[in-house]
Amino acid sequence: MPLRLGAIADDLTGATDLALMLARGGMRVKQVVGVPADPAALAGADAVVVSLKSRTIPAAAAVEQSLGAARALLAAGAEQLFFKYCSTFDSTDEGNIGPVIDALLDLLHEDRTLACPAFPTNKRTIYQGHLFVGDQLLSASPMKDHPLTPMRDANLVQVLGRQTERAVRLVDIGAVRGGALTAALDAPGIAIVDALDDADLVAIGRAAAGMALITGGSGIAMGLPANWGIAPGADSARAAAPGGRPAVLAGSCSAATRQQVQSAVGAGFSGLQLDPVAIAEGRQSVSDALQFALAASTTPLIYASAAPEAVARSQDALGREQAGAVVESFLSELAPLLVQHGFCRLIVAGGETSGAVVAGLGLTELDIGPEIDPGVPWMYASAQGSPIAIALKSGNFGAENMFVKAWDLLQ
Ligand code: ADP
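Note that the coordinates shown come from a computational prediction; the quantities given were computed from them, not determined experimentally.

Glancing now at the nonpolar core. Within soluble globular proteins, side chains that are nonpolar tend to cluster in buried spots. In terms of nonpolar packing, the biggest core is built from 116 residues, with L114, C116, L334, L361 and I390 touching the most fellow members. Counting only domains with at least three residues in this core, you end up with domain 1 (5-228) and domain 2 (246-410). Those residues in contact with L114, other than ones at most four positions away along the chain, are L185, I190, A191, V193, I204, A208, M211, L213, I214, T215 and I220. Grouped together as the second largest cluster of nonpolar side chains are 20 residues, V248, V376, A406 and W407 included.

The structure is reproduced here in structure tokens:
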């Protein structure tokens, strides 16, 4: 089966988000962590999403990694490239969105593309080129205070205009809904495209069928599978879920995760709470946690998740970074030991925590499986030769009973 779409995402959870959107549209999707060493390994999917960690690194490094990913995807036969960034257009005047788009267009010998981060389901819409988060302009939303990419200008034509030498123009909602969108997109430069609802995104995706490069959030991926005649459910043949014992590892302290932990403990999970200070002082060890999991008569739930006062106490004792690092390295060491002992079905809570666990398991390829809750799919992978099912949940995602109900989808 030929590879249709080759996507490059600037972070791990964004890659999953896009992979899920394409899978919902009926595509067989493979997610790859980091620039793929061997394009041949990308075969067997309609779409491959390469996840990078390039959102906030220096622009030159983001360009280099993105070009590496693009070359591998093109070598694997990708007919169209997709550069995925955040639906809040997270970037600075130095990049990295503009420089990466420029480099990808040069690689493709192309002079035109579109940029549309809109994702109305998550309340990100674009009107007259201005990005809204709910009813607020991006520049009035909490994104204005983001520690790394403060977004103080909601006019994307201006924002992107400061990141590229190419012409940046607006294709407004009238053009999107007016029936001549393909023609409106067909001009040199980068078109910021308005979108207010899912129908707009589908129309934009369809109109972009002939473009060598599309850029945006996961929203505009909605219209893409149909460009290859792929429909939801058309090819839902998926790998069978691997067997094995379940376990949950939680490093997120978000309100949603703490509720999920409480709900799972209430449902009879075997909970072991980690304490960063006890870990740092050697009073709580990875092998203790492994023994706990092996002895547990119900699903083990190993969590550092704690209320803000407890987090503040461990941060006072260890420092903010060290408190986080202690937990992340604990879970990234524990995860492969769990797999070796037959725990081949894992839920991981927390964005940074997920990155640490994926690295600890040495995962490089993830196939998208069934969706547990919006934005959180099961994924199938191989950890040191063992097939595993793993769900990576960013802190605030998932229903309260997610840890309890997720396993039913693997039957
Ligand atoms: P989220 O997706 O909710 O932001 P992350 O995993 O990205 O979750 O970030 C949570 C951070 O908090 C991680 O670095 C984790 O190691 C750290 N952490 C977890 N538990 C504690 C704790 N009890 N005290 C201090 N830091 C903690």
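Attention shifts here to empty space enclosed by the protein. Here the structure, examined in full by the defined rule, presents 1 cavity of 30 Å³ or more. Taken as a whole, the largest cavity holds about 40 Å³ of empty space. In terms of lining, the largest cavity is formed by D10, S54, R55, A62, F83, D90, N96, I97 and V100. Here the lining of the largest cavity is composed, by residue class, of 4 nonpolar, 2 polar and 3 charged.

Close to the ligand lie 19 residues, the nearest being S252, G324, E328, E352 and T353. Within the backbone of A304, a nitrogen or oxygen atom sits 3.1 Å from a nitrogen atom of the ligand. Take G351: an N or O atom from its main chain is 2.9 Å from an oxygen atom of the ligand. Burial of the ligand by the protein amounts to 81% of the accessible area it has alone, namely 570 Å². Elements with a minimum of two residues in the shell around the ligand: helix 11 (308-318), helix 12 (320-340) and helix 13 (351-361). Per element, the largest residue contribution to the shell around the ligand is 4 residues, and it comes from helix 12.

Moving on, we come to the sheet that holds strand 8 (residues 136-137). Spatial ordering of the open sheet is given by 6-7-8, a layout of 3 strands whose pairing is antiparallel. A single partner strand is all that each edge strand has here, and the edge strands are strand 6 (124-127) and strand 8. As paired elements, strand 6 and strand 7 (residues 130-133) share 4 bridges and run antiparallel to each other. Bridge assignment links T125 to a residue of strand 7, and that residue is F132.

What follows covers the environment of A43. Tracing the sequence through the fold places A43 in the loop between strand 2 (29-33) and strand 3 (47-51). Since its relative accessible area comes to 53%, A43 is described here as exposed. With 147 residues separating them in the primary sequence, A43 and I190 have C-alpha atoms 31 Å apart.

With respect to the helices and strands, the residue V29 is situated in strand 2. Those residues within four positions of V29 in sequence are excluded, and the remaining contacts are A19, L22, A23, A45, A47, V49, L366, D367 and I368.

Calculation criteria
Residues numbered from 1 in each chain as written. Predicted model: local features only at pLDDT ≥ 70, side-chain atom pairs only at ≥ 80, totals over all residues. Heavy atoms only, no water. Core = buried A, V, L, I, M, F, W, Y, C linked by side-chain atoms within 4.5 Å. Buried < 20%, exposed > 50% of the residue type's maximum accessible area, 1.4 Å probe, protein only. Domains from an automatic or database assignment. Contact = heavy atoms within 4.5 Å. 1 Å grid on protein atoms, 1.4 Å probe; cavity = no way out; pocket = protein on both sides within 12 Å on 5 of 7 lines; lining within 4 Å. Points joined across faces, edges and corners; volume = space filled by probe spheres on them. Nonpolar A, V, L, I, M, F, W, Y, C, P; charged D, E, K, R; others polar. Near = heavy atom within 4 Å. Polar contact = N/O pair within 3.5 Å; in protein donor to acceptor, adjacent residues only side chain to side chain. Areas by Shrake-Rupley, 256 points an atom, 1.4 Å probe, with all protein chains shown as cover. Helix = DSSP H or I, 4+ residues; strand = E, 2+ residues; numbered from the N terminus. Pairing = 2+ DSSP bridges.

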